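# Working through the structure, step by step
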Amino acid sequence: MNQTLTQSIWLEAFRRMAKSKLTTVALIIVLIYAVVALLAYCGIIATDWSQEVGTSYEAPNIQHWFGTDIFGRSVLRKIIKGAQVAMNVGFVVSMIAILIGVVLGAIGGYFGGVVDEMIVWLCSTMASIPNIMLLISLTFILGKGILAVYIALGMTNWVELCRLIRGEVIKHKDREYVQAATAIGASHFSKLWWHILPNVLHIVIIQFSGIFQIAIKSEVILSYLGLGVQNSPSWGVMINDAKVDLMYGVWWEIAFATVAMFLIVLAFNILSDALRDALDPKLRGK
Amino acid sequence: MGIYNYIIRRLLYVIPILLGVCLLIFLMFNIVAGDPTAVLLGKHATAKQMAELRHVLGLDKHWFMQYVDIVKSAFSLNFGRSWASQQQIMPMIKAGTWVSLTLVVPSILITNILAISMALVAAFFRGRALDRGLVVLSIIMMSISGLAYILFSQWFFAYKLGWFEIAGYEHGFLACIPYIALPCFILVLLSVGSDLRFYRTVILDEMYQDYVRTARAKGLPEGLVLFKHVLKNVMIPIITNLITQLPSWLLGTLLVESFFGIPGLGGITINAINNADFPVIKAITILSAIFYVIFNVITDILYTVVDPRIKLS
C-alpha cells in the first residue's frame, strides 16, 4: 500500500513536469550534458583537448566549429572537457551538501534539545558569513585544486537544506505514522530513515537542482580568482582567459564557454522551478 | 516593556553567533591553514627567522589564547595591522567601505526600483504572456555567468564604444560617477533577475489573502487593489530583503571591483587573498558577519514595529 502510494506521488510529479514542453527541454539538456560529461570522463571524447589542431586564434570555420584558442587548441574540445569538470563539480558538491544538510537537519529536528540547539547555532553561524567570503577563505586555505573546490562549495551550500529538512522533520516526527512505527518497536534510525526521510525527500530533490547550478556558477568565480580547477580546461578558466582575447577581437572562446554554461544553468533553473511546482504541495493549484 | 526585552534578547543572541564565527575563522586560519611564515618570508627563510616571526605574530601561543585573540579583536574591532602593507586594518576597511558604498547604494536602489515595478507589472498580468515573458527573462538573466556580464560590458561599452572609463576610481561625489556608472549598470543586471522573481512570488502569495478578495468583492479595480492594498503589505518582505542584502552586496561587488580597479572592500579582499594577508581576510570576514547579524536584528525589530501581529518570541 505504502509502496504504491509513494510511487504514484512521484509518477504524478513526473507527469506534471512532462506536461510542460519547457521542462522537457530542460530535462533533455541536462541529460545531454550528463552523457557528454560521462563520455569525456571515460576518455571516449575530448581526451586530446591539449593538442594543437590549427593555428592560433582561428575563427569558427568548417574544420573547427568553435574556433581555436591562443595555442591553436580546439575550443570545442575544451568546452566538452569543461562540461565534464562542471558536471563533476555540480554533482559532487550537491552530494556533499545534501549529505551534511540532511544528516544534521534530520538529527536536529528529530532529537531536539541541546543537539538541535548546537545545529541551529552552527547554521546561524555559517549563514552569517557571506558565502563568497567563506568560499574564498576555504579554497584559499585548502590550496588550489578540484578537491578544495568540492569541499569549499560543499561546505557553503548545505545550510538552507539543513534548515528546511529540520523544519519538516519537526513537523513529521509526532505524526501518527511515526507513532505507529514507535509502537511496533522501530528504532530511532529506522524511523528517521524508513519513515520520515521518504516524506521529506522532495525537498532534497528540489535543493539538489538548485545547488547543482550554484556550484557550476561558483566554480567560474573561483577559477577567475585562480583558486579553481587546475591543469584542466574549465568554463571559468576559458571565460577568464578571454580578458586578453577580447582585446584582439577574439570572441568565440568566451562566447561558447558562456553559452555552454548558460544552457546548463538555465536548464537547472527551469528544472528546479518545475520540481518545486510538481513536488511542493503548498503551491499546488496556484 | 515587551519590545525592549525582545531587543535585548535579540542582541544577546548576537554573542554566540560571533563566538561561532570566530571559532570558524580560528579553525580555518590558525589550524587548517598551516604556517603562514613560510609564505611571508619567501623561499630563503631560515628556521630562526620563521620562529621569530611566529612569535611576533602571536602564532606560538597556546591554541586557546590564539582563539581568545580573535574573539578580542572581534569585540574590540581592533584587528591590528595588515601583514602585507603594515597599515592599520580598520582605517583601511573604513576607506574601502565608503568607496564600495558609492557603488552599492545606487545599484541597490536602481535594482530594487526596477525589480519591484516589474514584479507589480508581472503580478498584474499574472499568467498572461507579459508575466511569463518577464519570468523567462529573469531566469535567463540569472543563468548568465556574472563574469561574462562584466567582461562583455567592459569590452563593449568601455573599450569598443568608449562611453565609460575602462577602469579606475576617483574620490569625490561627482568625480566618481564616470567610474562607477558602468560597474553599477553591471551590478543591476546581475541582481535584477533574482529580485524580480522573488518580489513576484511575494506579491502573488499576497494576492491569495482574504483581504484582497474582500477588496475585489467590494468592487475595487484590480490596479487599485494591487497598488493600494497589496503593495503596502508586501513592503515588509521587500524591506527585509533590502536590509539583509546590504552586507552581502558589499562583497557581491568583489568581482566587479576587481575588474574595474575600484579600491573598495572587494579590491581589498582580492589583494589580501593574493598576498596571504590573513589578518585582513579575518577582519573582513568577522566584520561582514557582525553586519549581517546586526542587520538581521534590526529587521526583526522593524518587523515587530511595522506589524503588531508578529509575536515577540
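The written sequence of each chain sets the order in which its residues are numbered from 1. Ligands are numbered from 1 and chains lettered from A, in the order in which they are written. Since the coordinates come from a predicted model, pLDDT governs what is reported: local features require at least 70, and pairs of side-chain atoms require 80 or more to be given and counted, while whole-chain, interface and lining totals use all residues.

This next bit is on the domain arrangement of chain B. These domain boundaries are the output of an automatic or database domain assignment. Domain parsing of chain B yields domain 1 (3–76) and domain 2 (90–276). Each of domain 1 of chain B and domain 2 of chain B was reduced to a C-alpha centroid, and the two centroids are 34 Å apart.

Contacts here follow a simple rule: the backbone-placed C-beta atoms of the two residues must lie within 7 Å. Contacts between chain B and chain A engage 32 residues on the former and 30 residues on the latter. Only runs of H or I of at least four residues qualify as helices and only runs of E of at least two qualify as strands under DSSP, and these elements are numbered from the N terminus. Contributions of two or more residues to the side of chain B that touches chain A are made by α2 (14–32), α7 (129–143), α8 (146–160), α11 (222–252), α12 (254–260) and α14 (278–306) of chain B. A per-element tally of the side of chain B that touches chain A places α2(B) first, with eight residues.

So, about the packing of helix α1 (residues 2–12) of chain B against α14(B). Residue and element names in this part refer to chain B. Angular values range over 0 to 180 degrees, each being the angle between N-to-C directions of two axes fitted as lines to C-alpha atoms, with helices fitted over their stretch in contact. Remark: α1 packs on α14, axes separated minimally by 10 Å, with the N-to-C direction vectors making an angle of 160°. Here α1 is positioned roughly antiparallel relative to α14, judged by the angle of their axes. Like other packed secondary-structure pairs, α1 and α14 cross with a definite hand, here right-handed. Judged by residue contacts, Ile3, Tyr6, Ile7, Arg10 and Leu11 of α1 engage Val297, Asp300, Ile301 and Thr304 from α14. Amino acid classes used here: Ala, Val, Leu, Ile, Met, Phe, Trp, Tyr, Cys and Pro are nonpolar; Asp, Glu, Lys and Arg are charged; the rest, including Gly, are polar. For the contact of α1 with α14, the per-class residue count stands at six nonpolar, one polar and two charged. Working rule for angles: under 35 degrees goes down as roughly parallel, over 145 as roughly antiparallel, 65 to 115 as roughly perpendicular, anything else as oblique. Here is the rule for handedness: rotate from the far helix to the near one, and if that takes an anticlockwise turn smaller than a right angle the crossing is left-handed, while a clockwise turn gives right-handed.

Residue and element names in this part refer to chain B. Note that Val256 resides in helix α12. Residues Val256 and Tyr13 lie 243 residues apart in sequence; the distance between their C-alpha atoms is 34 Å. Each residue touching Val256, except ones within four places of it in the same chain, is listed here: Ile150, Pro183, Ile186, Leu187 and Gly266.

Now for the confidence of the model for chain B. As a general rule, the predicted coordinates of low-pLDDT regions are not to be interpreted in detail. How sure the predictor is of each residue is captured by pLDDT, a score from 0 to 100. Counting all residues, the mean pLDDT for chain B is 82, and 95% of those residues have values of 70 or more. Here the predicted complex carries an ipTM of 0.80, next to a pTM of 0.83.

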